[in-house]
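An overview of the molecular structure
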4 protein chains.
Amino acid sequence: MVRRMFASDNASGAHPAVLDAIRAANEGHAYAYGDDDWTRAAEAVVRRHLGDEARAFFVFNGTGANVTALAALMRPYEAVICPATAHINVDECGAPERFTGGKSIAVPTPDGKLTPEMVERAIFGVGVEHHSQPRVVSVSQSTEYGTVYGPAEIAALADVAHEHGMYLHVDGARISNAAAALGCSLREMVADAGVDVLSFGGTKNGMLFGEAVVFLRDGLGADFRFVRKQCAQLASKMRFIAAQFIALFGGDLWLENARHANEMARLLAEGMAAVPGVAITQPVEANEVFAILPREAIEPLAKEFGFYVWDERAGEVRWVASWDTTPEDVAAFVAGARRLLAG
Amino acid sequence: MVRRMFASDNASGAHPAVLDAIRAANEGHAYAYGDDDWTRAAEAVVRRHLGDEARAFFVFNGTGANVTALAALMRPYEAVICPATAHINVDECGAPERFTGGKSIAVPTPDGKLTPEMVERAIFGVGVEHHSQPRVVSVSQSTEYGTVYGPAEIAALADVAHEHGMYLHVDGARISNAAAALGCSLREMVADAGVDVLSFGGTKNGMLFGEAVVFLRDGLGADFRFVRKQCAQLASKMRFIAAQFIALFGGDLWLENARHANEMARLLAEGMAAVPGVAITQPVEANEVFAILPREAIEPLAKEFGFYVWDERAGEVRWVASWDTTPEDVAAFVAGARRLLAG
Amino acid sequence: MVRRMFASDNASGAHPAVLDAIRAANEGHAYAYGDDDWTRAAEAVVRRHLGDEARAFFVFNGTGANVTALAALMRPYEAVICPATAHINVDECGAPERFTGGKSIAVPTPDGKLTPEMVERAIFGVGVEHHSQPRVVSVSQSTEYGTVYGPAEIAALADVAHEHGMYLHVDGARISNAAAALGCSLREMVADAGVDVLSFGGTKNGMLFGEAVVFLRDGLGADFRFVRKQCAQLASKMRFIAAQFIALFGGDLWLENARHANEMARLLAEGMAAVPGVAITQPVEANEVFAILPREAIEPLAKEFGFYVWDERAGEVRWVASWDTTPEDVAAFVAGARRLLAG
Amino acid sequence: MVRRMFASDNASGAHPAVLDAIRAANEGHAYAYGDDDWTRAAEAVVRRHLGDEARAFFVFNGTGANVTALAALMRPYEAVICPATAHINVDECGAPERFTGGKSIAVPTPDGKLTPEMVERAIFGVGVEHHSQPRVVSVSQSTEYGTVYGPAEIAALADVAHEHGMYLHVDGARISNAAAALGCSLREMVADAGVDVLSFGGTKNGMLFGEAVVFLRDGLGADFRFVRKQCAQLASKMRFIAAQFIALFGGDLWLENARHANEMARLLAEGMAAVPGVAITQPVEANEVFAILPREAIEPLAKEFGFYVWDERAGEVRWVASWDTTPEDVAAFVAGARRLLAG
């Protein structure tokens, strides 16, 4: 029996077109480490999305993208300001600290979104040697709470960062979902909004593995090849990451996948909101749904349908829809919830 | 036109059976990060090869395997003793130093192989706080010079390491080629010989990507899950690394691939040795051939057939055969070399 | 004219007895790095205060003591839980992150003091590889807000730490002031309360320089000699740190110095509380006074009497009394404040 | 009885003038961390010696000076080339690796001295991401073998470094001894010779503790204040390091101390060379003497006169003369050696 779940968008596999692209690239020999035609083509694909200045470097995974990006931007005596809920703050086992030697300044937020005011308040001790010097603002788009920054919100964060001589990094593990949600291009939302560096997500959008670090401003990332290699994020058979990126982002597949996942999340939220005892806790703007359930229902429901508890103390759970989530999956889940909660 | 080359065994793609296995695993949902049936099966496959105590952790790439293994074994005030030619010493851009904070003690060797006597001489300052404390001996099997340690040689290194309270790590990016060369099982060559930790290579044997860190002694690697995660080597869609390992190592495909690559290297060395002006510089025991050529021939030959200069000063080049190298590839290369060198 | 100020207890120099001790130790030769009679005697002095199991290692400065202590207790994938106001969190430029590679979990507090409940709430994700594993609770005694933990409060923190398999570290840059405030011995307050590791402060109590890291539980600190050396905190002419420790802690001088500083702070707070426009913001339990002043008075007063603004946004300032602060210093300051605030 | 020994120049204490200077500085209050008149005056003293561009930052110890200097010059993916005998390579327990995250490339030398040719041969893989990028050449002056680079030799090293876009760092723990040996000013030997950064030694010349990192070229060290603080090398009561530097380097005391130590080493070498069975192994150019003795004589002689074995395998020992070594010390040692070796 094929398992279906809502645990995460990385519980799904790869889109068939991605596997086809890998098979097509699997012919003959190619120089390793990115000195190949697929990689050059994938870099061009990223430039089409993010502008001629965009320089993409492919890496293995999301944590790898985030930490190599931060390691390229920060010296050890510097700090990154991020929401307390940020993946880099809570879900990477301290990888940013280990790779950068620097400090994470975690800011509590109600919805996973940082505001310019929060950034201003978190900036502290500039120019004084006793204090870690703020160098990067990092936000996730969409956020770990499934919320989305509008392009103007991103631009305002970029402005406040740049005013203070800082960079804006975007953890875009779900950047496609955000673009789909906003109905705008990656360029409007990222490059035009003033983002300096993007962790460009591929895995959750339907790849087997693979992300990119994209530098969007001249002069940034000049030494990134060395950072990537030393941080063990340089793939030898690079063409296979590149081919996957081309498959998704060379056309509109990325957008279809993201739209579909978002739509499934909306459907799920709608269905579950109508189940007695369930309260949706965050706006459902991308492909994630957060909810509070009766505690006794969580375990049996999670066992049957596969999802994680988000906040043990609050009894809050997270459901994630993916590019391959079906309306039938959603319907079965809602029905199961009704059944269990009625019990 | 399909490109053929001798640059490295990572210039080849994936074995068709590996792609088939990925496609087969690409059905339905699975918990991420290794909490899935494929990963559990692949761990069992490794145990079949390396014994019941072997605990395998899958990672993305060879550098990732080496540095997470070392980071698990060493504290920052400790050191790893390795041949000067070791991948960890010259080809990882200082990744071991960055991940461990510790020191690499590089020992010159004629053939890429460390001996117990060399290890003894490199041990220095034990118990004295001014000096990095030797903690790990690391050797590559097969070596970066294409030479192979016999099981007794590995056992002797393990003995000297253990006598000094140190661990023996084997960088097995080409462990399959070594096993094929020696005609012995992985178990005889690794676990039975006293190796403590193995970087178990998959990519060069025919995978898209994927290696494993295998702890072979009780008590080692107890906290490795955290090391792997913090070092950004934990794949979310882990089942796809696992499926590849099963495809290669679940049966004999790994051995066929390795034997074939070794055989092609032997053929190549034989053919090239007969070309006037070419001198083979190292014993050809696995799938690599080292040679000295007239300097003026290197560039045109490399341009046409794809390989790297190994030692600029010596004019030494490296040719690597892969699982998919054909006798025709070899014949064309030898003919091309004859033609160019006759010119 | 001799300058007097309230900027910090490190604005004062060394106690005359400390200089005398240095001069007395400055005779003949001694093996470097602590292999000398002064160091052995100073270690014994620490054992008299903190129990037979206490093992003291002398280092240069407070940040050095804290980060080497943490580096000895933590692996990079682990975390330290501390108050947001902790010196290790805000005043060491990210040194703990750089030296440990691990994460600081900063907990907001009203008064600089952590409670067991706060620790419990900050513990998160234990056993789950995605999250930094809490390993150390670190508190300052007296705190950066001049408040003091009673022995029972320390014991409660030790209990909660130990229940979770964590260590309790105390940043005792002002441990003497805390002991003087509580009227109890260092042993009662530290060793008997279950503290695992103490940063034992000397500089602020009247030394030129010098602190100690003291391990209080068997098995801890076994490899600390290497940590200290690699972290560049091993003094060559160690006897001169040791001699200072003996001068202060061999008898009661440390306690007289601390009592005096505390008394001067009390006197200052009393005097200033009576000045119209001045509000004391924290309980004055040790040798620090925090206050809110009319903003326009801060700069001229600070210029004349030497102190720092603590919280720019709140208009809060900090005044610190030292072992050599005199009643005349205090009276002059209060009079100056009256004069300026009346203006 | 006052102990006399030849173990190291850090076995001696502080020059009386240094203690007097500390006592004189111990009056009243001063802002901590170097915002004081003594520090400003000591910085000016360094400029008088090393030129107007010289910017001095005082630190605690020699390892601290070296590693903060390297951490300021290097990114983690870079490397420092140094003689295999360098203090940074063998006597700092891997501190450079831990503080920089980068690689040490250790070059064997006959006499502890690096040549431009050795540097050229050690440069490898420039521009290629697989290899640590050489960024710093580091030499000790005088060397760990007691040998001295002439100004032209330093200039040649600076030239080769600069041609390759690298920096020249000098570990000057015994820079005064080298200046005394060469009869030239610090400026000729350091700034005029093209050195970029100097670890400026104080402790071995007669201080209690204290060294400086001196940047000699515009643009270098701009962020060093943060590096120093985060690396735990910022003294709170900085005036006391500064006062010591002024005492030694404000006049000619540093030179008298160094000349005397060198002269005592010369005397010692002369005396010992005439003892049957003793062979001096290195030119005695500064204040260190290396010799081979009959193995059975080493332990009793070391026990009585205090010195270390340098090379266990070769039976080579090291004797160091200090600013306070007397002709009587030397005579007693030579007599003792004669007695023991005659035995």
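All residue numbers refer to positions counted from 1 along the written sequence of the respective chain. For this description, chains carry letters from A and ligands carry numbers from 1, given in the order in which they are written. Local features in a predicted model are, by the rule used here, given only for residues with pLDDT of at least 70; side-chain atom pairs are given and counted only at 80 or more, and totals for whole chains, interfaces and linings are based on all residues. With hydrogens and water set aside, each side-chain value is computed from the structure's full complement of heavy atoms.

**Description of the relation of the copies chain D and chain B**
What counts, and what does not: The atoms used to superpose the copies are C-alpha atoms, taken from residues with pLDDT of at least 70 in both, and the fit is least squares. Working rule for contacts: check all heavy atoms of both residues, and any pair within 4.5 Å makes them a contact.
Superposing chain D onto chain B takes a rotation of 180 degrees combined with a translation of 0.0 Å along the rotation axis, leaving an RMSD of 0.0 Å. Both copies of the chain, as the preceding transformation shows, are related through a two-fold rotation axis. Taken as a fraction of all interface residues of chain D, those also at the interface in chain B reach 100%, which identifies the copy contact as same-surface.

**Looking at the packing of aromatic side chains**
What characterises a pair of aromatic rings is the spacing of the ring centres plus the angle enclosed by the ring planes. We apply this condition: What counts as a ring pair is set by centres within 6.5 Å for rings of Phe, Tyr and Trp (its six-membered ring), and what kind of pair is set by the plane angle: stacked under 30 degrees, edge-to-face over 60, tilted for all other angles. The numbering of helices and of strands both runs from the N terminus, where a helix is a DSSP run of H or I of at least 4 residues and a strand a run of E of at least 2. Burial status follows relative accessibility: with a 1.4 Å probe on protein chains alone, a residue under 20% of its type maximum counts as buried, one over 50% as exposed, and anything between as partly exposed.
Inspection of the entire model under this criterion finds 82 aromatic pairs over all chains. Ring geometry for C:Phe60 and C:Phe209: centres 6.3 Å apart, planes at 25 degrees, overall stacked. Within this pair, whereas C:Phe60 is found in the loop between strand 1 (55–59) and helix 3 (62–73), its partner C:Phe209 is found in the loop between strand 6 (197–201) and strand 7 (211–215), the two being separated by 149 residues in sequence. There is no split in this pair, since C:Phe60 and C:Phe209 are both buried. Judged by centre distance (5.2 Å) and plane angle (75 degrees), the rings of D:Phe290 and D:Trp310 are edge-to-face. Of this pair, D:Phe290 sits in strand 9 (residues 288–292) while D:Trp310 sits in strand 10 (residues 308–311), and the two are 20 residues apart along the sequence.

**Section: the state of the cysteines**
All names here are of chain A. Rules: Note on terminology: pairs of cysteine sulfur atoms within 2.5 Å are recorded as disulfides.
Under the criterion given, the structure shown has 0 disulfides over all chains. Its sulfur unpaired, Cys 82 is 15 Å from the next cysteine sulfur, which belongs to Cys 93. The buried category is assigned to Cys 82, whose relative accessible area is 0%.

**Some words on the side chain of A:His169**
Locating A:His169 in the fold gives a position in strand 5 (residues 167–172). In this structure, A:His169 is in contact with A:Asn66, A:Ala69, A:Leu70, A:Val136, A:Val137, A:Ser138, A:Val139, A:Val197 and A:Ser199, ignoring residues within four places of it in sequence.

**Describing the domain arrangement of chain A**
All names here are of chain A. Here is the rule we go by: Segment limits for the domains were obtained from an automatic or database-derived domain assignment. Two parts placed together each lose some accessible area under a 1.4 Å probe, and the buried area is that loss summed for both. A pairing counts as a salt bridge when a side-chain nitrogen of Lys or Arg comes within 4 Å of a carboxyl oxygen of Asp or Glu. What qualifies as a polar contact is a pair of N or O atoms within 3.5 Å, subject to a donor-acceptor requirement within protein and to the restriction that residues adjacent in sequence count only when both atoms come from side chains. Residues are grouped as follows: nonpolar covers Ala, Val, Leu, Ile, Met, Phe, Trp, Tyr, Cys and Pro; charged covers Asp, Glu, Lys and Arg; every other residue, Gly included, is treated as polar.
On domain assignment, one finds that chain A holds domain 1 (16–249) and domain 2 (253–342). Summarising the inter-unit geometry, the C-alpha centres of domain 1 and domain 2 are found 27 Å apart. The partner domain 2 presents 20 residues to the 25 residues of domain 1 that form the contact. Here domain 1 and domain 2 share an interface that buries about 1,800 Å² over both sides, 55% of which is from carbon and sulfur atoms. When residues of domain 1 are sorted by the area they lose upon contact with domain 2, Tyr 145, Arg 174 and Asn 177 head the list and together hold 29% of the total. Counting across the interface, domain 1 meets domain 2 through 1 salt bridge. Here Glu 288 makes a salt bridge to Arg 174, at a shortest N to O gap of 3.4 Å. The interface formed by domain 1 and domain 2 holds 11 residue pairs in polar contact (both at pLDDT 80 or more) in total. It is helix 8 (residues 175–182) that contributes the most residues to the side of domain 1 that touches domain 2, 5 residues altogether. In terms of residue class, the side of domain 1 that touches domain 2 is made up of 12 nonpolar, 9 polar and 4 charged.

**Things to note about the relation of the copies chain C and chain D**
After a rotation of 180 degrees and a shift along the axis of 0.0 Å, chain C superposes on chain D with an RMSD of 0.0 Å. Of the residues that chain C buries at the interface, 98% are likewise interface residues in chain D, meaning the two copies contact each other through the same surface.

**A short note on the interface of chain C and chain D**
How big an interface is tends to be stated in terms of accessible area lost as the parts join. Counting from both sides, the interface comprises 58 residues of chain C and, opposite them, 58 residues of chain D. Counting the surface lost from both chain C and chain D, the interface buries some 5,000 Å², and carbon and sulfur atoms represent 53% of this. Looking at the side of chain C facing chain D, the largest losses of area belong to C:His29, C:Arg98 and C:Lys237, adding up to 18% of the total buried there. Summed over the shared surface of chain C and chain D, the number is 2 salt bridges.

**Observations concerning the sheet that holds strand 2 (residues 78–83) of chain D**
All names here are of chain D. The condition that has to hold: Note on pairing: DSSP must find at least two bridges between two strands before they are called paired. Whenever a helix is involved, its axis is fitted only over the stretch in contact; in every case the axis is a line through C-alpha atoms, and angles between N-to-C directions fall within 0 to 180 degrees.
As summarised here, the arrangement of the 7 strands in space is 1-7-6-5-4-2-3, forming an open sheet in which the pairing is mixed. Lying at the two open borders of the sheet, with one neighbouring strand each, are strand 1 (55–59) and strand 3 (103–107). Going across the sheet, the axis of each strand differs from the next one's by a mean of 25 degrees, ignoring polarity. With 4 bridges connecting them, strand 2 and strand 4 (residues 133–140) associate as parallel partners. The residue bridging Val 80 from the neighbouring strand is Val 136, located in strand 4. Packing against the sheet, helix 7 (residues 151–163) makes contact with strand 4 and strand 5 (167–172), and its axis sits at approximately 145 degrees to strand 5.

**Quick word on the sheet that holds strand 8 (residues 279–280) of chain D**
Hydrogen bonds between backbone groups are what pair the strands of a sheet, and the pairing can be parallel or antiparallel. Read from one edge of the open sheet, 4 strands run 8-9-11-10 (chain D), paired in antiparallel fashion. Looking at the sheet topology across the chains shown, the edges are occupied by strand 8 and strand 10 of chain D.

**Observations concerning the pattern of salt bridges**
Under the criterion given, the structure shown has 67 salt bridges over all chains. Of the charged contacts in the structure, one is a salt bridge between A:Arg266 and A:Glu270, with a shortest N-O distance of 2.6 Å. A residue pair is termed a helical-turn pair when its members lie 3 or 4 positions apart in one helix, as A:Arg266 and A:Glu270 do in helix 12 (residues 253–273) at 4 residues. A relative accessible area of 35% places A:Arg266 in the partly exposed class. Between C:Arg217 and C:Asp196 there is a salt bridge, with the nearest N and O atoms lying 2.5 Å from each other. Of this pair, C:Arg217 sits in the loop between strand 7 and helix 10 (224–230) while C:Asp196 is found in the loop between helix 9 (186–191) and strand 6, placing the two residues 21 residues apart along the sequence. With relative accessibility at 34%, the residue C:Arg217 sits in the partly exposed group. Overlapping salt bridges bring together A:Asp9, A:Arg174, A:Glu288 and A:Arg318 as one network.

**Brief notes about helix 7 of chain D**
Residues and elements named next belong to chain D. We apply this condition: Every helix has an expected span of 1.5 Å times one less than the residues it contains. Arc definition: it is the arc formed by the directions from the helix axis to the C-beta atoms.
Across its 13 residues, helix 7 extends 18 Å between first and last C-alpha, which sits within 8% of the 18 Å expected from 1.5 Å per residue. Of the residues making up helix 7, those classed as buried are Ile 154, Leu 157, Ala 158, Val 160 and Ala 161. Projected onto a plane normal to the axis of helix 7, the buried residues spread over an arc of 165 degrees and lie on a single side. Facing away from the buried side of helix 7 by more than 90 degrees, the exposed set consists of Ala 152 and Glu 163. Of the residues flanking the end of helix 7, it is Gly 165, one or two places downstream, whose phi is positive at about 70 degrees.

**Topic: the packing of helix 11 (residues 239–249) of chain A against helix 12 of chain A**
Residue and element names in this part refer to chain A. Formally: Throughout, the term roughly parallel applies to angles under 35 degrees, roughly antiparallel to angles over 145, roughly perpendicular to angles from 65 to 115, and oblique to all others.
For the pair helix 11 and helix 12, the least separation of the axes is 5 Å and the interaxial angle reads 70 degrees. Put simply, helix 11 runs roughly perpendicular to helix 12. Where helix 11 abuts helix 12, its residues Ala 247, Leu 248 and Phe 249 lie against Leu 253, Trp 254 and Asn 257. For the contact of helix 11 with helix 12, the residue count by class is 5 nonpolar, 1 polar and no charged.

**Quick look at the nonpolar core**
Quick reminder of the rule: Here, the term nonpolar core denotes a set of buried Ala, Val, Leu, Ile, Met, Phe, Trp, Tyr and Cys residues that are joined through side-chain atoms within 4.5 Å.
Among the nonpolar cores identified, the biggest contains 135 residues, and C:Phe200 and D:Phe200 are the most heavily contacted of them. Here the element with the most residues in this core is helix 11 (residues 239–249) of chain C; it accounts for 8 residues.

**Let's talk about empty space enclosed by the protein**
Rules: The pocket and cavity definitions rest on a 1 Å grid over protein atoms only: a 1.4 Å probe that fits but cannot leave marks a cavity, an open set with protein on both sides within 12 Å along at least five of seven lines marks a pocket, and residues lining either have an atom within 4 Å of a point. Grid points are joined across faces, edges and corners, and a volume is the space filled by probe spheres set on the points.
All chains considered together, the criterion is met by 12 cavities of 30 Å³ or more. Computed from the structure, the largest cavity encloses a volume of approximately 590 Å³. A:Arg98, B:Arg98, C:Arg98, C:Gly101 and D:Arg98 are the residues nearest the centre of the largest cavity, which is lined by 37 residues in total. In the lining of the largest cavity, the residues fall into 18 nonpolar, 8 polar and 11 charged.

**What to know about the interface of chain D and chain B**
Across the contact, 23 residues belong to chain D and 23 residues belong to chain B. Across the interface of chain D and chain B, roughly 1,800 Å² is buried in total on both sides, 46% from carbon and sulfur atoms. Our count for the chain D to chain B interface comes out at 2 salt bridges. Where D:Lys103 meets B:Glu97, a salt bridge forms, and the shortest distance between an N and an O atom there is 2.7 Å. Counting across the chain D and chain B interface gives 17 residue pairs in polar contact (both at pLDDT 80 or more). When residues of the side of chain D that touches chain B are traced back to their parent elements, those giving at least two are helix 4 (87–90), helix 5 (95–100), strand 3 and helix 6 (116–122) of chain D.

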